[in-house]
Amino acid sequence: MEYQFSEVESKWQKKWSDDHVYRTSDDDSREKFYCLEMYPYPSGKLHMGHVRNYSIGDVLARFKRRLGFNVLYPMGYDAMGLPAENAAIKMDIDPEEWTLRCIEIMQKQQKRMGFSYDWEHYVNTCLPDYYRWNQWIFLQFYKNGLAYKKKASINWCNSCGTVLANEQVIDGQCWRCDNNVVEKDLEQWFFNIRKYADELLESTEKLTEWPEQVRLMQRNWIGKSIGTEIHFPIADSDYSIPAFTTRPDTLMGVCYLVLAPEYPLIPELIQDSQKKAEIEDFITRARRKSKIERTAEQVEKEGIFIDRYMVHPITGENMPVFIADYVLMDYGTGAVMAVPAHDQRDFEFSKKYDLPIKVVITPDRKDPLKLEDMKEAYVDPGYLINSGEFNGLEHMAAKTNITEKLKEKGLGDFSTTYRIRDWLISRQRYWGTPIPIIYCGKCGIVPVPEDDLPVILPKDAKFTGEGNPLENSPTFKNAICPVCGSDARRETDTMDTFVDSSWYFLRYVSPKLEDKPFDKNLAEKWMPVDHYIGGITHAILHLLYSRFFMKALRDIGLADIDEPFSRLTTQGMVLKEGEVMSKSKGNVVDPGELIETYGADSTRAFMLFAAPPEKEYDWNDAGIHGVSRFLNRIWTLIHEKKELITEYKDKTDSLDLNSKADKQLARVIETTTKHVTESIDHLHFNTGIAALMEFLNEIRDFSIEHPEYADTPSRASLFARAMIRLVSLLNPFAPHITEELWEHMGFEDYLSVSDWPAYDESLMKAEEKTIVVQVNGKVRGNLIIPADLPEEEIKRRAPELDNVQKFISGGIKKIIYVKDRLVNIVV
RNA sequence: GCGAGAGUGGCGGAAUUGGCAGACGCGCUAGACUUAGGAUCUAGUAGGGUAACACCUGUGGGGGUUCGAGUCCCCCCUCUCGCACCA
């Protein structure tokens, strides 16, 4: 009877679904386990990365379920985004229709893989019953000062025709289309994530079950710097320009001040300058450069003196003010105090423009550092020199001292700066959540009243590929002011789709709720997610935004939860010939074909067997035969012995172990159980499956060596015990075939929800053990001894081995014994 | 440049954390069964060496600690990822 995977797999998929085997219960006293996978963007087909992601999650969900946990294991779709809109432009199809069609295909494939999702816990972010809650949350944020609008110099992608968040600009290029990003000034909506910068940073420490790499990336992204903000009054004016520095100890070494080209005060400062035109020209050129040009490594710093001077806050000396392209407007205050002797960039700038350099820190007090000896800036610790009243201070102490002094004079204070920017959420696109705001000529910015939600995307939009379709939809754009009733204009920007994914895991707990985004009690019951599995590509954006959302929602009072994800696993990418699979490269492996050829069980088990979850895997499907063969061997063996197993299946506990082989098999049953249990716990699925393969090999050896076992009741029950255990342990990796075999062996309940086997330590003890005998650390023989042989006896017997004798003729210095493992004879 | 991680057979990968390196699988070789097999089964498979053992060498390279090192320490090389004029 040959194994027909396609029949068996669809049979069980139907049964599981019909009988709601994986349905989650909210009303359940068992310990909860929330297993979450990063939901997919429904681009159409499932790819190998998805298969890997969901295979990992499904094993965990199935394992925990069988261990007696009440498991929430949902799936949904991150359904808003550009591809649907591009499809609309190209194929003249409604984005919603296109998306829903893709979801249908994708979901079918997921079902075909047999993942144990509870499909009643489902979200689809492109439907108004989801995105209305994005709008609702936006309004709560707005009320609480967490959403605001401001004119901002933003990152603009000409090719996508939209604004991008800082996080979406990679090496100065658009994260999606790789086109160069340019700067533009626009009125945009922001979420105030900076407000949570400190908490996000601090609570990173609590995420002990996250990969260290991800925590580090988050920390770097937040980029906290502690320092001092110093005010530099501008000579002959009332202005004062603040500059942030982490090195206030070098204040006495300041030689000039440098402003970013975008610095807002510049037009006023240069108003009366004779060089005005020249300076303006410089600024225009600097701003026209793309970010990539401006920040490239070897680019020489360029600047221009603006004919103004600042007053040194301590000495009162007048010093020049420059504009330079290497100063960034979006970090610190957009102004830098230049200390050429102790900052490499300032050093280079001074050399280029022949500006003074003043050494104020020396590593050696007795032999002070001299400018003539310096080929580069000195940035290491030291003592202050040429610093008047601060001379001789150690530089760390000087930081405090000098800041205190500035504080006294009202010209500075301790300050903390973050690299992270507020999250720009406006997108000039159609296929996203409309921002629920109305602009009224009389009342200004008016939030859409909650009762009027959702603001639904119009059906009359035209997709020409130019501009925002919502701008050109009169039914959408024209509105009535909810406050005064006069004609008004609706906000036509939509939200970044990262808003959708920042709280979808909360919607899963009560996906059909109609009056709130999620049920507070249920959220507090299920959250945090116990195990979150997804790609490393989301290590910063999605995870940071979600963490921010959780904290913001907590402070608004929607749920008392600090962190959304307790444990995080970032699965390695699936590559092909060392490259990321992509349609443009034409190197995409279609899991659909694998399923057709080998079945879902083989496909997912192989994916897990091929490499540990966190590692990259360069796809090579040669190995899938091995897993497929393994499943077929189990199938064959069970069908050869089906009657026997059925007969003895209820007598597997009364073991009567007579021979060495019996005891050996009985032991392997237990050690394999232990090994597989631990390997799932530790996410070492590859070794878990390997242990099951070894287990099968043992059983087959046993049945070949003891063909008479069928006639011996004790052996028959031992054999049955082994086969039942094998099938049971294999179930999370290959759920369909094991469920079928379970049935064939005469069991009536679903294996997928039956108890996970415990292991019996008493059966794991061996009567005999093998001890390795070494001479000077090299293996020279084995000693097979009774398990309870005392140490002295082992040490006595080891040197007697034939092969050992010839190596110890020089005389034994000492003998080292490692319990149950080895004897090392030192000569 | 800074930060993190990784280098083990022809390949994917194991190694109870300092104790038999190469589990398990792929591939390959030989054989069996077969009209045939890219199906299945059996045996072998790190390199050298041997009739077979023995033995020697071996975890990117070089040193060190130890009875004993893939694992710990120091130096170097290579690769991958993240950040990158952050004041």
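What you see is a predicted model, and the numbers here were worked out from it, not measured in a lab.

K.L.:
Describe the overall build of chain A, and please don't skip the residues or the numbers.
P.N.:
Helix and strand counts for chain A come out as 26 helices and 34 strands. A principal-axis box enclosing the C-alpha atoms of chain A has dimensions of 110 × 85 × 50 Å. Relative to its 827 residues, chain A shows a buried fraction of 55%. A separation threshold of at least 6 residues defines the contact pool for chain A, and within that pool the share at least 24 residues apart is 72%. As displayed, chain A offers around 36,700 Å² of accessible surface, 48% of which is attributable to carbon and sulfur atoms. Across chain A, the mean location of the 103 positive side-chain charges is 2 Å away from that of the 130 negative side-chain charges.

K.L.:
A description of the environment of E37 should follow, citing residues and the corresponding values.
P.N.:
By the secondary structure assignment, E37 is in strand β1 (residues 32-37). The exposure class assigned to E37 is buried, which follows from its relative accessible area of 0%. Each C-alpha atom of the pair E37 and P74 lies 8.1 Å from the other, and the pair is 37 residues apart in sequence. Apart from residues lying up to four places away in sequence, E37 is in contact with N53, Y54, G57, D58, Y73, M75, Y117, Y504, Y532 and I533. Within the local environment of E37, its side chain forms a polar contact with the side chain of Y73, the two groups lying 2.3 Å apart. Among the polar contacts listed, one links the side chain of E37 to the side chain of Y117, at a separation of 2.6 Å.

K.L.:
Before we move on, could you go through the pattern of salt bridges and cite the residues and values that matter?
P.N.:
Once their charged atoms are close, side chains differing in charge can pair, the charge on each being opposite to the other. Taken as a whole and judged by the stated rule, the model has 51 salt bridges. We note a salt bridge from R62 to D58, for which the minimum N-O separation is 2.7 Å. With a gap of 4 residues between them, R62 and D58 both fall in helix α2 (residues 48-66), about one helical turn apart. Of the residues examined, D58 reaches a relative accessible area of 0% and is grouped as buried. In this structure, a network of salt bridges that share partners links the residues E199, R547, K551, R554, D555, D562 and E563.

K.L.:
Give me the environment of S29: which residues, what numbers.
P.N.:
With respect to the helices and strands, S29 occurs in the loop between α1 (5-18) and β1. Here the alpha-carbon distance between S29 and F69, two residues 40 residues apart in the chain, equals 9.5 Å.

K.L.:
Run through the packing of helix α21 (residues 660-681) against helix α22 (residues 685-705), naming residues and quoting values.
P.N.:
Their axes nearest at 9 Å, the elements α21 and α22 cross at an angle of 165 degrees. Viewed along their axes, α21 and α22 adopt a mutual orientation that is roughly antiparallel. Relative to α22, the crossing made by α21 is left-handed. In this structure, α21 contributes A661, D662, Q664, L665, V668, I669, T672, H675, V676, S679 and I680 to the contact, and α22 contributes F685, T687, G688, A691, L692, F695, E698, I699 and F702. Residue composition of the contact of α21 with α22, by class: 12 nonpolar, 6 polar and 2 charged.

K.L.:
Requested: an account of a negative patch on the surface, with residues and values cited.
P.N.:
On the surface, E577, E579, E616 and D618 cluster together to form a negatively charged patch. Relative to the helices and strands, E577 resides in the loop between β28 (574-576) and β29 (579-580).

K.L.:
Can you tell me about empty space enclosed by the protein, naming the residues and giving the values?
P.N.:
The final tally for this structure, using the stated rule, is 1 cavity of 30 Å³ or more. What the largest cavity holds in volume is close to 200 Å³. Lining the largest cavity we find 19 residues, and of these L82, R176, R427, R429 and T497 sit closest to its centre. Secondary-structure elements contributing two or more residues to the lining of the largest cavity are β6 (162-164) and β25 (494-495). The residue makeup of the lining of the largest cavity, split by class, is 9 nonpolar, 6 polar and 4 charged.

K.L.:
Report on helix α5 (residues 128-143), specifying residues and quantitative values.
P.N.:
The end-to-end C-alpha separation of α5 is 22 Å, in line with the 22 Å expected for 16 residues at 1.5 Å each. Taken together, the buried positions of α5 are occupied by Y130, Y131, W133, N134, Q135, W136, I137, F138, L139, Q140 and F141.

K.L.:
Quick rundown of the sheet that holds strand β18 (residues 412-418)? Include the residues and the values.
P.N.:
Backbone-to-backbone hydrogen bonds pair the strands of a sheet. The strands run either parallel or antiparallel. The sheet built from 3 strands is open, its strands ordered β11-β10-β18 with antiparallel pairing. Of all the strands in the sheet, just β11 (240-245) and β18 have a single pairing partner and so form its edges. Adjacent strand axes in the sheet meet at a mean angle of 35 degrees when their direction is disregarded. Pairing of strand β10 (residues 224-233) with β18 involves 7 bridges; the strand directions are antiparallel. Its bridge partner lying in β18, S225 is registered against T417. Against the sheet, helix α12 (residues 395-409) contacts β10 and β18, and its axis sits at roughly 115 degrees relative to β18.

K.L.:
Explain unusual backbone geometry to me, using residue names and the numbers behind them.
P.N.:
Here L453 and P454 are connected by a cis peptide whose omega angle stands at 0 degrees. Relative to the helices and strands, P454 is located in the loop between β22 (444-447) and α13 (474-477). Cis geometry marks the peptide bond from M527 to P528; its omega dihedral reads -5 degrees. In this fold, P528 is placed in the loop between α15 (520-526) and β26 (531-535). Within the chain, D236 stands out as a residue other than glycine whose phi angle is a positive 60 degrees. If you trace the backbone, D236 turns up in the loop between β10 and β11. Given a relative accessible area of 83%, D236 falls into the exposed group. Even without being a glycine, D307 presents a positive backbone phi close to 70 degrees. Along the chain, D307 falls in strand β13 (residues 303-311). Of the residues examined, D307 reaches a relative accessible area of 35% and is grouped as partly exposed.

K.L.:
Tell me about the sheet that holds strand β12 (residues 256-259), and please be specific about residues and values.
P.N.:
Read from one edge to the other, the open sheet built from 4 strands follows the order β13-β14-β12-β15, with strand pairing classed as mixed. Two strands bound the open sheet, and with one partner strand each, they are β13 and β15 (335-338). With direction set aside, neighbouring strand axes in the sheet form an average angle of 30 degrees. Relative to β12, helix α11 (residues 344-353) is tilted by about 105 degrees, and along the sheet it contacts β12, β13, β14 (318-324) and β15.

K.L.:
Outline the confidence of the model for chain A, listing residues and values.
P.N.:
Per-residue confidence for chain A averages 90 on the pLDDT scale, and 98% of its residues sit at or above 70. Least confident of the elements in chain A is helix α10 (residues 291-295), whose mean pLDDT is 56; most confident is helix α14 (residues 504-507), at 98. Here the predicted complex carries an ipTM of 0.94, next to a pTM of 0.93.

Conventions adopted
- Residues numbered from 1 in each chain as written.
- Chains lettered and ligands numbered in written order.
- Predicted model: local features only at pLDDT ≥ 70, side-chain atom pairs only at ≥ 80, totals over all residues.
- Heavy atoms only, no water.
- Helix = DSSP H or I, 4+ residues; strand = E, 2+ residues; numbered from the N terminus.
- Buried < 20%, exposed > 50% of the residue type's maximum accessible area, 1.4 Å probe, protein only.
- Contact = heavy atoms within 4.5 Å.
- Areas by Shrake-Rupley, 256 points an atom, 1.4 Å probe, with all protein chains shown as cover.
- Lys, Arg positive; Asp, Glu negative; His and termini not counted.
- Charge placed at Lys NZ, Arg CZ, Asp CG, Glu CD.
- Polar contact = N/O pair within 3.5 Å; in protein donor to acceptor, adjacent residues only side chain to side chain.
- Salt bridge = Lys/Arg side-chain N within 4 Å of Asp/Glu carboxyl O.
- Axes fitted to C-alpha atoms, helices over the stretch in contact; angles between N-to-C directions.
- Parallel < 35°, antiparallel > 145°, perpendicular 65-115°, else oblique.
- Left-handed = near helix turned anticlockwise from the far one by under 90°.
- Nonpolar A, V, L, I, M, F, W, Y, C, P; charged D, E, K, R; others polar.
- Patch = residues over 30% accessible without salt bridge, like charges linked within 9 Å, V, L, I, M, F, W, Y side chains within 5 Å.
- 1 Å grid on protein atoms, 1.4 Å probe; cavity = no way out; pocket = protein on both sides within 12 Å on 5 of 7 lines; lining within 4 Å.
- Points joined across faces, edges and corners; volume = space filled by probe spheres on them.
- Expected span 1.5 Å × (residues − 1).
- Pairing = 2+ DSSP bridges.
- pLDDT = per-residue confidence, 0-100.

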